[in-house]
Amino acid sequence: MTTTAIKKQIHSAIDIIESEQLLKAIYMILNQEIKNKKDILKQFTLDEFYERNNQSQKEILQGKLIDHKTVKSKFASK
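None of these values were measured; they are calculated from a predicted model.

Thresholds applied
Residues numbered from 1 in each chain as written. Predicted model: local features only at pLDDT ≥ 70, side-chain atom pairs only at ≥ 80, totals over all residues. Heavy atoms only, no water. Salt bridge = Lys/Arg side-chain N within 4 Å of Asp/Glu carboxyl O. Helix = DSSP H or I, 4+ residues; strand = E, 2+ residues; numbered from the N terminus. Buried < 20%, exposed > 50% of the residue type's maximum accessible area, 1.4 Å probe, protein only. Polar contact = N/O pair within 3.5 Å; in protein donor to acceptor, adjacent residues only side chain to side chain.

Asks: Which residues make up the pattern of salt bridges, and what values go with them?
Replies: One pass over the full model with this rule turns up one salt bridge. With a shortest N-O distance of 3.2 Å, Lys-24 and Glu-20 are connected by a salt bridge. Of the two residues, Lys-24 and Glu-20 both sit in helix H2 (residues 20-40), four residues apart, roughly one turn of that helix. The class of Glu-20 is exposed, set by a relative accessible area of 52%.

Right, dumping it as structure tokens:
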């Protein structure tokens, strides 16, 4: 089943549901996912940026690198 088909079925199911309790439960699940997406896209503060940059530089010097082919193959399968 495709993502689009799943979304259509969810929309149809929500339109049919009469239980306020069930709708609130669905809302809580979806709202948590929305919060997680927003947190991922949240901008760094300057201090967070420098801290993350320092950590990245340390890992680069330690040789903790992932080659391009590995990354490309991992995301090509999705």
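From this point, the discussion proceeds with the structure in view.
Asks: Help me get a handle on the environment of Lys-64, residues and values and all.
Replies: Mapped onto the fold, Lys-64 is located in the loop between helix H3 (46-61) and helix H4 (68-76). Lys-64 sits in the exposed class, given a relative accessible area of 55%. For Lys-64, the side chain forms a polar contact with the side chain of Gln-62, separated by 3.3 Å.

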